[in-house]
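# Close look at the chain arrangement
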Amino acid sequence: MKSKKETMQGVAVVTGAATGIGAAITERLAEQGMHLVLVARDGARLEAAAKRLHAEYGAQVSTLALDLSQQSAPARLAKWLTGSGTEVDVLVNNAGASLMGPVANSDPARLRGLVNLNVGAMAELTALLLPAMVARGRGAVVNIASTGAYAPAPYVAAYAASKAFVLSFTQAVWAETKATGVRVVAVSPGPTDTAMNTRHIPGKREPGSVADTVMSALRSRGPAVVDGGLNGFQTFVFGRLLPASLAARIAERSLRRAALGH
Ligand SMILES: NC(=O)c1ccc[n+]([C@@H]2O[C@H](COP(=O)([O-])OP(=O)(O)OC[C@H]3O[C@@H](n4cnc5c(N)ncnc54)[C@H](OP(=O)(O)O)[C@@H]3O)[C@@H](O)[C@H]2O)c1
């Protein structure tokens with residue numbers, strides 16, 4: 001994974017792999033010559049994606065239908081990988097869920113499911129698969145965060161907080177593993193045109209553009225967080241310049257209409 005011309009080898013595990021950003025990432029990885037393990041809940045959709053990736057790129061693709069918000073799911077995935085003798089070179093923690101609306105009106109079980117998926121599964125899969133990479137002295141973990149990670153975001157409170165965890169966790173693990181040969185990086189996209197985000201937002205990115213950012217993040221030995229797109233200024237202002245209380249009040253105004261309709 002050193003020069004731009006070099007192809008990638010080995011096996012990548014991608015969660016949330018059949019739609020949106022995850023599907024675009026699998027496309028790029030297969031194109032580069034990687035074999036894949038696709039994970040999400042909808043097994044039929046994964047199978048269809050696997051067939052397409054095999055037909056188009058000759059990639060060997062396995063699928064595993066798992067609800068990663070279930071507490072036992074990350075361990076089941078790791079057990080399946082060990083059982084099938086699969087050595088993982090790249091882990092992409094991409095599966096994520098969002099929940100819009102005031103916390104006071106939220107279904108507590110759905111809120112818990114979001115945290116289990118965005119935070120719990122991401123952290124547990126990292127901890128499960130990282131040791132073998134460190135032992136081999138190579139490999140990569142890419143965690144998909146969000147520009148929502150940088151400041152409190154009313155009406156998507158749990159989502160933004162979960163992505164703040166992704167960001168902080170990844171930055172810390174990046175520092176822990178910097179000298180090991182393993183690349184740990186967070187990619188922090190802004191609004192991207194997928195099923196998760198159907199709102200009309202100027203400057204929205206295509207999933208393929210986020211996948212390109214993921215590929216350059218994988219190839220570089222650079223920073224712990226790669227934003228991509230034109231989000232740097234916004235995240236600097238909201239995440240670093242403004243006090244969190246002011247950032248939250250501004251965000252409340254801009255998200256109120258989308259969340260409450262007024
Ligand atoms: N779209 C944006 O504006 C945006 C911006 C910044 C960051 N992101 C992040 O990008 C990542 C991908 O999202 P996306 O925008 O591509 O949305 P998406 O198309 O809705 O993709 C989400 C993926 O996660 C899978 N998934 C959802 N719940 C799951 C669960 N409980 N267990 C296993 N898999 C599950 C879904 O597949 P199944 O339904 O089959 O499980 C789907 O493949 C997420 O982490 C999201 O937070 C998105």
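That block above? That's the structure.
The rules we used
- Residues numbered from 1 in each chain as written.
- Predicted model: local features only at pLDDT ≥ 70, side-chain atom pairs only at ≥ 80, totals over all residues.
- Heavy atoms only, no water.
- Helix = DSSP H or I, 4+ residues; strand = E, 2+ residues; numbered from the N terminus.
- Polar contact = N/O pair within 3.5 Å; in protein donor to acceptor, adjacent residues only side chain to side chain.
- Core = buried A, V, L, I, M, F, W, Y, C linked by side-chain atoms within 4.5 Å.
- Buried < 20%, exposed > 50% of the residue type's maximum accessible area, 1.4 Å probe, protein only.
- Contact = heavy atoms within 4.5 Å.
- Arc of directions from axis to C-beta.
- Pairing = 2+ DSSP bridges.
- Axes fitted to C-alpha atoms, helices over the stretch in contact; angles between N-to-C directions.

### Comments concerning the side chain of Thr15
With respect to the secondary-structure elements, Thr15 resides in strand S1 (residues 11-15). Here Ala95 takes part through its backbone nitrogen, which lies 2.9 Å from a polar atom of the side chain of Thr15.

### Side note on the nonpolar core
Ile25, Leu29, Leu36, Leu38, Val142 and Leu218 are the most contacted members of the largest nonpolar core, which has 33 residues in total. Elements represented by at least two residues in this core include exactly S1, helix H1 (20-31), strand S2 (35-40), helix H2 (43-57), strand S4 (90-93), strand S5 (139-144), strand S6 (182-187) and helix H6 (207-219). Sort the elements by how many residues they give to this core and H6 lands first, with six residues. In this structure Leu38 touches Val14, Ala17, Thr26, Leu46, Ala49, Ala50, Leu53, Val61, Ser62, Thr63 and Leu64, once residues within four positions along its chain are discounted. Grouped together as the second largest cluster of nonpolar side chains are 23 residues, Leu64, Leu68, Val88 and Leu130 included.

### Concerning helix H3 (residues 73-83)
Listed in full, the buried residues belonging to H3 are Ala73, Pro74, Leu77, Ala78 and Leu81. Buried residues of H3, viewed axially, fall in a sector of 140°; they line one side. For H3, the exposed residues lying more than 90 degrees away from the buried face are Arg76, Lys79, Thr82 and Gly83. Where H3 is buried, its residues touch S1, S2, strand S3 (61-65) and helix H4 (108-136). At the C-terminal side of H3, Gly85 shows a positive phi close to 65°.

### Here's the deal with the sheet that holds S1
Read from one edge to the other, the open sheet built from seven strands follows the order S3-S2-S1-S4-S5-S6-S7, with strand pairing classed as parallel. In this open sheet, the two strands that pair with only one neighbour each are S3 and strand S7 (225-226). Pairing of S2 with S3, which is carried by five bridges, proceeds in the parallel orientation. Each residue of the ladder has a partner; that of Val39, found in S3, is Leu64. Contacts from H2 reach S2 and S3 within the one sheet, and its direction differs from that of S3 by about 175°. Of the strands in this sheet, S5, S6 and S7 are in contact with helix H5 (residues 157-177), which crosses S6 at around 160°.

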